[in-house]
Amino acid sequence: MGNNIEKDFDEKAFVKGAYQALIDRGVITEDMLSPSTVTDEMLDAFEREYEVKLPSLLRVYLQTYCHNIDGLYAPVPGDDLIDQDEDTMRQIMLMEIDEINELSQEELPYVELYLCEMFPIPQKDPLKVFREAIEGFRETADCMGEDGLSAEDVKQFIPFADWMSAGPLCIDTSISKADITCGDGGTWQVCWFDHEEFHWKQKGVEYVNDEGIVIGDKKMADFRCFLRLYFYGIYDKNYEVQSEEDGEEIPDKSTWCSVARF
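All of the points below concern the structure found in this document. (Residues numbered from 1 in each chain as written. Predicted model: local features only at pLDDT ≥ 70, side-chain atom pairs only at ≥ 80, totals over all residues. Heavy atoms only, no water.)

## Some remarks on helix H9 (residues 236–245)
- The complete set of buried residues in H9 reads Asp236, Asn238, Tyr239, Gln242 and Ser243. End-on, the buried residues of H9 take up no more than an arc of 160°, which puts them together on one face. Those residues of H9 that are exposed and aimed more than 90 degrees away from the buried face are Glu244 and Glu245.
- On its buried face, H9 is in contact with strand E3 (69–77) and strand E4 (111–118).
- Gly247 sits one or two residues past H9 and shows a positive phi near 70°. (Buried < 20%, exposed > 50% of the residue type's maximum accessible area, 1.4 Å probe, protein only. Helix = DSSP H or I, 4+ residues; strand = E, 2+ residues; numbered from the N terminus. Arc of directions from axis to C-beta. Contact = heavy atoms within 4.5 Å.)

This is the structure we're talking about:
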């Protein structure tokens, strides 16, 4: 398996642990969560309607808790993610937090607080925001007529959050989990589309490869990496050390979360 993640990986325990980590880190409080109202029938209907296969970890995530979280900050390796750095992605994918915390600052990436706008999962109509996101993303592709693209060319993508309020983070379901490797950004599933880019084939954007396949701007290997960064906070200690070295005050993590009102 290219990513070397254990075959007996417990997705339910991982997702519950991710939410518990948010609580333990002081980013959210337990009363912000309630049991998920998302059923298998809802997810099956979603898959049929949009002709897409939801990754199993995303299904578990949707069926674990309902919440109104719509914004999370976390320490994220900015330039290293942009440059698809192999060593950084290996840390994000494979290393335990204790192992990361034992690395020297020279071995760690420079991290910054990056906002990710989450999709709330309310108790009533819990998939509403996900439906709006996938429909909006496909409508955007339909506007790429000059690039010869349409909604049909992006049916493999599932938006699950908004990166820096600047465009959707998506899971590319055409990429098999077994094919993911740290050192090949082309095998990564999580990609980004800047909503200010109106031509996905123009030089410097290159959201479409030479074969005419939409690939987006690769950011992370998979959804598990996203949860490790934003929920588990794997670079929290690194960020605290950086802040102290830079003479900056360490922020109150309770300010790293915002909630939507329904």
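After that view of the structure, there is still more to cover.
## Thoughts on the packing of aromatic side chains
- According to the stated counting rule, one finds 23 aromatic pairs in the structure shown.
- For the ring pair Tyr61 and Phe223, a centre distance of 5.4 Å and an interplane angle of 80° mean the geometry is edge-to-face. With a gap of 162 residues between them, Tyr61 in helix H3 (residues 56–62) and Phe223 in helix H8 (residues 223–230) connect regions that are remote in the sequence. Residues Tyr61 and Phe223 agree in their burial class; the two are buried.
- With a centroid separation of 5.1 Å and 80° between ring planes, the pair formed by Phe160 and Phe223 is classed as edge-to-face. (Phe/Tyr/Trp six-rings, centres within 6.5 Å; stacked < 30°, edge-to-face > 60°.)

## Some thoughts on the environment of Ala18
- Mapped onto the elements, Ala18 comes out in helix H1 (residues 11–24).
- Those residues within four positions of Ala18 in sequence are excluded, and the remaining contacts are Phe231 and Tyr232.

## Some remarks on the pattern of salt bridges
- In the structure shown here, the tally under the stated rule is 13 salt bridges.
- Here Glu51 ties to Lys155 by a salt bridge, and the two come within 2.9 Å at their closest N and O atoms. In this pair, Glu51 sits in the loop between helix H2 (40–50) and H3 while Lys155 sits in the loop between helix H7 (128–142) and strand E5 (157–163), placing the two residues 104 residues apart along the sequence.
- Residue classification places Glu51 among the exposed positions, given a relative accessible area of 57%.
- With a relative accessible area of 15%, Lys155 lands in the buried category.
- A salt bridge links Asp87 to Arg90, with the nearest nitrogen and oxygen atoms 3.6 Å apart. Within this pair, Asp87 and its partner Arg90 are both found in helix H5 (residues 86–94), separated by three residues, close to a single helical turn. (Salt bridge = Lys/Arg side-chain N within 4 Å of Asp/Glu carboxyl O.)

## Section: the nonpolar core
- Within the largest apolar cluster, 86 residues are counted, with the highest numbers of intra-cluster contacts made by Tyr61, Trp200, Phe226, Tyr230 and Phe231.
- Examining the composition of this core, we find that seven residues originate from one element, H1, more than from any other.
- In this structure, Tyr61 is in contact with Val15, Tyr19, His67, Met118, Ile121, Phe223, Leu227 and Phe231, ignoring residues within four places of it in sequence. (Core = buried A, V, L, I, M, F, W, Y, C linked by side-chain atoms within 4.5 Å.)

## Quick word on the packing of H1 against H8
- Interhelical geometry of H1 versus H8 gives an angle of 20° and a closest axis separation of 9 Å. For the element pair H1 / H8, the angle class is roughly parallel. Here the hand of the crossing between H1 and H8 comes out left-handed. In this structure, H1 contributes Phe14, Val15 and Leu22 to the contact, and H8 contributes Arg224, Leu227, Arg228 and Tyr230.
- Among the residues making up the contact of H1 with H8, the classes are represented as five nonpolar, no polar and two charged. (Axes fitted to C-alpha atoms, helices over the stretch in contact; angles between N-to-C directions. Parallel < 35°, antiparallel > 145°, perpendicular 65-115°, else oblique. Left-handed = near helix turned anticlockwise from the far one by under 90°. Nonpolar A, V, L, I, M, F, W, Y, C, P; charged D, E, K, R; others polar.)

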